[in-house]
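# Fold and contact review
Next come the chains, spelled out residue by residue.
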Amino acid sequence: MRTPSGGPLPIAVDAMGGDDAPDVVIDGAEAAAADGALVRLVGPTKQLRTHLPVLDAPDQIGMDEAAVGAVRRSPDTSIRRGLLEVAEGRASAFVSCGNTGAIVVAAMLDLGLQQEVRRPPIATLLPRADGLPLVLLDTGAHVDVRASHLAVFARLGAQYARTLGVRHPRVGLLANGAEATKGNAQLRETVELLDTQGIPHVGFVEPHAALEGRCDVLVTDGFVGNVLLKAGEGTVQLLGRLLRHEIRRDPIARIGAFLLKAAARRLRRQVDWEAQGGGVLLGCRGTVVVGHGRANPESVRQAIHLARRTVDGRRGT
């Protein structure tokens, strides 16, 4: 997307979204701008100290506010103003680490939904053992869904995977076993819908099999997906702490750790939540990236770059 003069459109970034906003958001946005991203912060101009351009949004939505009421309360919040920049063609994407429910509700209101989409899911990329990304959705937008919603998630996830270069995405449904008798009534109904609608899929997939490469897209509801995502993040952090503890206990292990320093850094980039930035809200008429509420400058920077890649990927499809 470009301005009438032919230049690229900026990415609108919610300066007031996140547990430690606006400081960490400003730092992350400035880092992304230094990388070459065109960024415009959205928030109260009197409160923000930055060399980046700022769109004034005097109000904000708290992290613990009820989503629907908060969105209806004011059109002048940083979330609403940022989304309207996308809706009215002044920004290529919107990035926020704020209240997830409010972002989803406001995106539905201000951007609108694609045909047949009723509940837009959040898609997050996870690393796979074969080095390719796994699209996991929904990771937190909707905790209560029907089989019909999961079928739409499958279609949206496959479309997103194609923007990442996967020509023929394999869709799997997250379940407690691969056999057709596993899962629950909702999942079995979803399989029937996928078959009826002609959406290619590999059936039920367990988490470990998905991470090993059994599928390219893993579909579940927002409750299970969010728990799975946070459990994975917690496991990575725990293993890191245990490994550092063991290295400190053994002088020889310290030497080995030094020799493997570069490899460990590359591994951390693949599995650390900071490096992922956040997830993409699919099904809306515009690009929205939902970042981590406990974001730090690096995760904000990566969320902005995720928005850039998503815009470029959609332009190329």
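Keep in mind that what you see is a predicted model, and the values were worked out from it rather than measured.

### Observations regarding the overall build of the protein chain
Counting its regular elements, the protein chain contains twelve helices and eleven strands. Here the protein chain, with 317 residues, has 47% of them falling under the buried criterion. Taking the intrachain contacts of the protein chain between residues at least 6 apart in sequence as the baseline, contacts between residues at least 24 apart amount to 67%. A total of about 15,500 Å² of accessible surface is found on the protein chain, and carbon and sulfur atoms cover 54% of it.

### Considerations on the pairing of strand β7 (residues 171–174)
Burial along β7 is two-sided: Val171 and Leu173 facing one way and Gly172 and Leu174 facing the other are all buried. In this sheet, strand β9 (residues 217–219) lies alongside β7 in parallel orientation, the contact comprising three bridges. Note that in β9 the partner of leucine 173 across the bridge is valine 219. As defined by bridge partners, β7 adjoins strand β8 (residues 204–205) across two bridges and the pair is classed as parallel. Residue pairing in the sheet places leucine 173 in a bridge with phenylalanine 204 of β8. With helix α6 (residues 185–197) bridging β7 and the parallel β8, this β-α-β connection has right-handed handedness.

### What about the packing of helix α5 (residues 147–163) against α6?
Close contact between α5 and α6 brings their axes to 8 Å; oriented N to C, the two are set at 50°. In this view, α5 runs oblique relative to α6, as classed from their interaxial angle. Of the two possible hands of crossing, α5 and α6 adopt the one that is right-handed. Contacts between α5 and α6 involve Ala147, Ser148, Leu150, Ala151 and Ala154 on the former and, on the latter, Gln186, Leu187, Glu189, Thr190, Leu193, Leu194 and Gln197. A class-by-class count of the residues in the contact of α5 with α6 yields seven nonpolar, four polar and one charged.

### Observations concerning the pattern of salt bridges
For the structure shown, the criterion picks out twelve salt bridges. For arginine 90, the salt bridge identified is with glutamate 88, shortest N-O distance 2.4 Å. The partner of aspartate 216 in a salt bridge is arginine 170, and the shortest N-O contact between them spans 3.0 Å. Within this pair, whereas aspartate 216 is found in the loop between α7 (207–212) and β9, its partner arginine 170 is found in the loop between α5 and β7, the two being separated by 46 residues in sequence. Each member of the salt-bridge network shares a partner with another, and the members are Arg40, Glu85, Glu88 and Arg90.

### Some details on the packing of helix α3 (residues 78–87) against helix α4 (residues 100–110)
Contact pair α3 / α4: the axes reach a minimum separation of 10 Å and the direction vectors enclose 40°. The two elements α3 and α4 cross, and the hand of that crossing is right-handed. Taking contact as the criterion, the partners of Ile79, Arg80, Leu83, Leu84 and Ala87 in α3 are, on α4, Ala102, Ile103, Ala106, Ala107, Leu109 and Asp110.

### Some words on α6
Since the α-helix packs 3.6 residues into each turn, any two residues three or four apart lie on the same face. In this model, α6 (13 residues) spans 18 Å end to end at C-alpha, consistent with the 18 Å of a helix rising 1.5 Å per residue. Inspection of α6 places Leu187, Thr190, Val191 and Leu194 among the buried residues, and these make up the whole buried set. Here the buried residues of α6 occupy an arc of 105° about the axis, which is enough to place them on one side. Pointing more than 90 degrees away from the buried face of α6 are the exposed residues Ala185, Glu192 and Thr196. Those residues of α6 hidden inside the fold are in contact with α5, β7 and β8.

Criteria and cut-off values
Residues numbered from 1 in each chain as written. Predicted model: local features only at pLDDT ≥ 70, side-chain atom pairs only at ≥ 80, totals over all residues. Heavy atoms only, no water. Helix = DSSP H or I, 4+ residues; strand = E, 2+ residues; numbered from the N terminus. Buried < 20%, exposed > 50% of the residue type's maximum accessible area, 1.4 Å probe, protein only. Contact = heavy atoms within 4.5 Å. Areas by Shrake-Rupley, 256 points an atom, 1.4 Å probe, with all protein chains shown as cover. Pairing = 2+ DSSP bridges. Right-handed = clockwise from strand over helix to strand, strands pointing away. Axes fitted to C-alpha atoms, helices over the stretch in contact; angles between N-to-C directions. Parallel < 35°, antiparallel > 145°, perpendicular 65-115°, else oblique. Left-handed = near helix turned anticlockwise from the far one by under 90°. Nonpolar A, V, L, I, M, F, W, Y, C, P; charged D, E, K, R; others polar. Salt bridge = Lys/Arg side-chain N within 4 Å of Asp/Glu carboxyl O. Expected span 1.5 Å × (residues − 1). Arc of directions from axis to C-beta.

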